[in-house]
Amino acid sequence: MNFIAAVDKNWAIGNKGKLLARISEDQKYFRNVTMGHVVVLGRKTLEEFPNKKPLSGRINIILSRNYDYAVEGATVVHSLDELMDELKKYSSEDIFIIGGQTVYDMMVPYCDKAYITKIYKEYEADAFIPNIDNIESWKLEASSDLKLFDDLEYNFNEYINTNPMIFENNKQN
């Protein structure tokens, strides 16, 4: 299982329900990495998308505690157990956790790969993900050159988790 996020210097991902920055190359990177795969996200994250619609070209699985919540073109689950049962239908390599904070907190321990866009700036924020630079089992595998967008420096990084929690799925690779 994978997760993908853009983080600031403090591993913040958002403020007041919004992304910290919109970097066009990061948005293209996100689209390229997740296209054709399964994306797992929370209801609040979905509601930040254009027209509050699921991402096209991907299987969208939305986590919401509201049992009346329904989304055309997506599967809605209501608990970690229900989510794990749904994810058993897919190869672990095809699954991408895309936010928000609650979903990352639940699912990052199960992930064995992370795609992190690091933005070298500190933002006012109220949503964070675990700083995997400080978690012994996560190892930086690849890092792009530093890039510049307006006044923002950022780069793309790939990490491997050498000790993820076991995700039991029925799907054979």
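Read on for a plain summary of the structure.

Conventions we followed
- Residues numbered from 1 in each chain as written.
- Predicted model: local features only at pLDDT ≥ 70, side-chain atom pairs only at ≥ 80, totals over all residues.
- Heavy atoms only, no water.
- Helix = DSSP H or I, 4+ residues; strand = E, 2+ residues; numbered from the N terminus.
- Buried < 20%, exposed > 50% of the residue type's maximum accessible area, 1.4 Å probe, protein only.
- Arc of directions from axis to C-beta.
- Contact = heavy atoms within 4.5 Å.
- Pairing = 2+ DSSP bridges.
- Phe/Tyr/Trp six-rings, centres within 6.5 Å; stacked < 30°, edge-to-face > 60°.
- Salt bridge = Lys/Arg side-chain N within 4 Å of Asp/Glu carboxyl O.
- Polar contact = N/O pair within 3.5 Å; in protein donor to acceptor, adjacent residues only side chain to side chain.

### Points about unusual backbone geometry
And step 1. Between Gly99 and the following residue, Gly100, the backbone shows a cis peptide bond with an omega angle of 0°.
And step 2. Mapped onto the fold, Gly100 is located in the loop between strand S7 (95-99) and helix H4 (101-107).
And step 3. For Trp11, which is not glycine, the phi torsion reads 65° and is therefore positive.

### Digging into helix H3 (residues 80-87)
And step 1. Listed in full, the buried residues belonging to H3 are Leu83, Met84, Glu86 and Leu87. All buried residues of H3 fall inside an arc of 160° around its axis, so they share one side.
And step 2. On the buried face of H3, the contacting elements are strand S4 (38-42), strand S5 (59-63), strand S6 (75-77), S7 and H4.

### Some thoughts on the pairing of S4
And step 1. The element S4 is largely enclosed, with a buried count of five among its five residues.
And step 2. Alternating positions in S4 separate into two faces, Val38, Val40 and Gly42 on one and Val39 and Leu41 on the other, with burial throughout.
And step 3. Sheet topology note: the S4/S5 ladder contains five bridges and is parallel. Bridge pairing links Gly42 to Leu63 in S5.

### A few points about the packing of aromatic side chains
In this description, a pair of aromatic rings is defined by centroid distance and the angle of the planes.
And step 1. Taken as a whole and judged by the stated rule, the model has six aromatic pairs.
And step 2. Aromatic side chains Trp11 and Tyr159 sit 6.4 Å apart centroid to centroid with 65° between the ring planes, which places their arrangement in the edge-to-face category. Here Trp11, found in the loop between strand S1 (2-7) and strand S2 (12-15), pairs with Tyr159, found in strand S12 (residues 152-161); they are 148 residues apart in sequence, far enough to count as distant.
And step 3. Residue Tyr159 is classed as buried on the basis of its relative accessible area, which comes to 1%.

### Side note on the pattern of salt bridges
And step 1. Per the stated rule, a full pass over the model turns up nine salt bridges.
And step 2. In this structure, Glu47 and Arg43 form a salt bridge, with 3.0 Å as the shortest nitrogen-oxygen distance.
And step 3. Taking the relative accessible area as the measure of exposure, Glu47 reaches 29% and is therefore partly exposed.
And step 4. Note on Arg43: relative accessible area 28%, which makes it partly exposed.
And step 5. In this structure, a network of salt bridges that share partners links the residues Lys113, Glu141 and Glu158.

### Some remarks on the side chain of Lys113
And step 1. Looking at the element boundaries, Lys113 is found in strand S8 (residues 113-119).
And step 2. Separated by 3.2 Å, the side chains of Lys113 and Glu158 make a polar contact.
And step 3. Apart from the residues lying within four places of it in its own chain, the contact partners of Lys113 are Met1, Asn2, Phe3, Trp138, Glu141, Glu158, Tyr159 and Ile160.

### Remarks on helix H1 (residues 24-34)
And step 1. For H1, the full list of buried residues reads Asp26, Tyr29, Val33 and Thr34. In an axial view of H1, the angular spread of the buried residues amounts to 110°, which keeps them on one side of the axis.
And step 2. Taken together, the buried residues of H1 touch S1, S4, S7, S8 and S12.
And step 3. Just downstream of H1 lies Gly36, where phi reads positive at about 80°.

### Focus: the sheet that holds strand S3 (residues 18-19)
And step 1. With antiparallel pairing, the three strands of this open sheet are ordered in space as S3-S2-S9. Because the sheet does not close on itself, it has two edges, and the strands there are S3 and strand S9 (127-128).
And step 2. Relative to S9, S2 runs antiparallel, the two sharing two bridges. Paired with Ala12 across the bridge in S9 is Phe128.

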